[in-house]
Amino acid sequence: MSTKVLRTVGFLEGVSSIALFFVAMPMKYMFDNPSLIFPAGMTHGILFLIFLLTLLITSHKKAWSMIWFLLGLVAAIIPCGTFVFDHKIKKMDEE
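In this text, all values refer to a predicted model and were calculated from it rather than measured experimentally.

Moving on, we get to helix α1 (residues 3–31). In this model, α1 (29 residues) spans 40 Å end to end at C-alpha, consistent with the 42 Å of a helix rising 1.5 Å per residue. Along α1, the largest kink reaches about 35 degrees and is centred on Met25; proline Pro26 follows within four residues of it. Thr3, Leu6, Val9, Gly10, Glu13, Gly14, Ser16, Ser17, Leu20 and Ala24 are the residues of α1 that are buried. Those residues of α1 hidden inside the fold are in contact with α2 (37–61), α3 (66–77) and α4 (81–94). Remark: Asp32 follows α1 within two positions and exhibits a positive phi of approximately 55 degrees.

Criteria and cut-off values
Residues numbered from 1 in each chain as written. Predicted model: local features only at pLDDT ≥ 70, side-chain atom pairs only at ≥ 80, totals over all residues. Heavy atoms only, no water. Helix = DSSP H or I, 4+ residues; strand = E, 2+ residues; numbered from the N terminus. Expected span 1.5 Å × (residues − 1). Bend = angle between axes of the 7 residues up to and from the residue. Buried < 20%, exposed > 50% of the residue type's maximum accessible area, 1.4 Å probe, protein only. Contact = heavy atoms within 4.5 Å.

Set out below in structure tokens:
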């Protein structure tokens, strides 16, 4: 799997994180409307798992060190961290 696929999945995971934290959750807690929590949360959860699987496969195929895998894992846990990780991957690919 290429880094392009990983970067794309990371972007989608980051966007789903933004949708969950800045759209669905404010609607629930500020406007007492939880209707978007389930679809946004489910989408984010699925994309999170796909990102981790893609990260594992890409790390193995590219022979990345364990540090790069762990950085990707931490980036997936931190909200919008995949955007920062994407920048690091892009710089690494350009070198």
